[in-house]
Amino acid sequence: MCGRFALTATPDQTAALLGLAELEEFPARYNIAPTQPVLMALAGPQREPGSNLPDRQAMLVRWGLIPTWVEDTKAFPLLINARSEGVLQKASFKTAMRHRRALVPASGFYEWQQSGGKKGQPYWIRPKRGGVIAFAGLIETYSEPGGSEMDTGAIITTEANAGIGHIHDRMPVVIEECDFARWLDCRTQEPRDVLDLLKPAEPDFFEAIPVSDLVNKVANTGPEIQERGVVGPQAEKPRRQKPGADENQMTLL
């Protein structure tokens with residue numbers, strides 16, 4: 001899955017990658033979490049012939065997709081990810097896959113290597129070449145009972161590649177820049193026509209850096225959470241001892 005990511009590129013760098021005219025100023029975000037606003041780009045209105053304006057537009061959406069047919073949002077699970085394997089069949093995603101495919105700019109993402117029942121060792125996973133990349137995303141506009149509308153979104157995930165499979169079995173889908181136009185084109189490209197883009201990145205695309213558990217807390221939003229570090233083993237809790245028992249003596253009870 002992808003439950004945390006970062007976008008530390010400048011607005012100009014992000015706009016240049018996504019092919020946007022411009023973006024309002026925004027700070028570097030080192031620990032983007034579910035339910036927070038997320039920047040996405042999607043195809044804009046069709047331009048007049050001869051226009052040299054970008055045909056893409058930026059949106060801020062709530063990270064956690066809500067389908068239009070949901071009646072009680074409190075009882076509905078938080079859909080931060082959409083599995084690529086069932087994105088055409090699952091009712092929650094198939095409409096967005098047909099009409100509102102998007103790009104999610106990112107500098108990398110975080111994943112946790114599980115250790116028993118514990119949260120495990122967190123890793124900052126970033127492209128080896130650096131810079132900003134784009135995850136495959138979906139957008140759905142949800143109409144609330146009061147009449148207001150809320151734009152929501154999810155990141156599409158796929159099976160992890162060999163480079164990070166030892167950390168987690170899922171990873172976000174990375175759309176290459178040469179495929180941006182095809183992925184965003186919901187007018188002429190049917191969902192089945194772009195399924196080939198929903199694949200793992202090449203095994204050497206990312207590098208995984210172990211970091212401390214500062215990233216575990218959403219309140220930690222500074223660059224220090226990306227510094228190399230290792231989470232040490234937790235001290236074992238002392239066992240409760242029966243009154244009068246000698247810890248050096250064997251017992252059958």
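Structure first, text after, so check above.
Cut-offs applied
- Residues numbered from 1 in each chain as written.
- Predicted model: local features only at pLDDT ≥ 70, side-chain atom pairs only at ≥ 80, totals over all residues.
- Heavy atoms only, no water.
- Helix = DSSP H or I, 4+ residues; strand = E, 2+ residues; numbered from the N terminus.
- Contact = heavy atoms within 4.5 Å.
- Areas by Shrake-Rupley, 256 points an atom, 1.4 Å probe, with all protein chains shown as cover.
- Buried < 20%, exposed > 50% of the residue type's maximum accessible area, 1.4 Å probe, protein only.
- Patch = residues over 30% accessible without salt bridge, like charges linked within 9 Å, V, L, I, M, F, W, Y side chains within 5 Å.
- Salt bridge = Lys/Arg side-chain N within 4 Å of Asp/Glu carboxyl O.
- Lys, Arg positive; Asp, Glu negative; His and termini not counted.
- Charge placed at Lys NZ, Arg CZ, Asp CG, Glu CD.
- Phe/Tyr/Trp six-rings, centres within 6.5 Å; stacked < 30°, edge-to-face > 60°.

## Examining the overall build of the chain
(1) Moving on: Across its full length, the chain carries three helices and twelve strands.
(2) Moving on: Taking all contacts inside the chain whose residues are at least 6 apart in sequence as the whole, residues at least 24 apart take part in 67%.
(3) Moving on: Of the roughly 14300 Å² of accessible surface on the chain, a fraction of 50% belongs to carbon and sulfur atoms.

## Looking at the environment of L88
(1) Moving on: Looking at where L88 falls in the secondary structure, it is placed in the loop between β5 (81-83) and α2 (94-99).
(2) Moving on: Overall, the relative accessible area of 27% leaves L88 in the partly exposed class.
(3) Moving on: Each C-alpha atom of the pair L88 and R192 lies 7.9 Å from the other, and the pair is 104 residues apart in sequence.
(4) Moving on: If near-sequence neighbours (up to four positions away) are discounted, L88 is found in contact with K94, M97, P191, R192 and L195.

## A short note on a negative patch on the surface
(1) Moving on: On the surface, E176, E177, E202 and D204 cluster together into a patch of negative charge.
(2) Moving on: Looking at the secondary structure, you find E176 in the loop between β11 (170-172) and α3 (180-184).

## Side note on the packing of aromatic side chains
(1) Moving on: What the rule picks out here adds up to seven aromatic pairs.
(2) Moving on: Ring centres of F5 and W63 lie 5.2 Å apart, and the angle between their planes is 75 degrees; on these two criteria the pair is classed as edge-to-face. Of this pair, F5 sits in strand β1 (residues 4-7) while W63 sits in strand β4 (residues 56-63), placing them 58 residues apart in sequence.
(3) Moving on: Looking at F5, the relative accessible area reads 1%, which means it is buried.
(4) Moving on: Judged by relative accessible area, which is 0%, W63 ranks as buried.
(5) Moving on: Between F109 and F135, the ring centres sit 6.2 Å apart and the planes meet at 80 degrees, which makes this aromatic pair edge-to-face.

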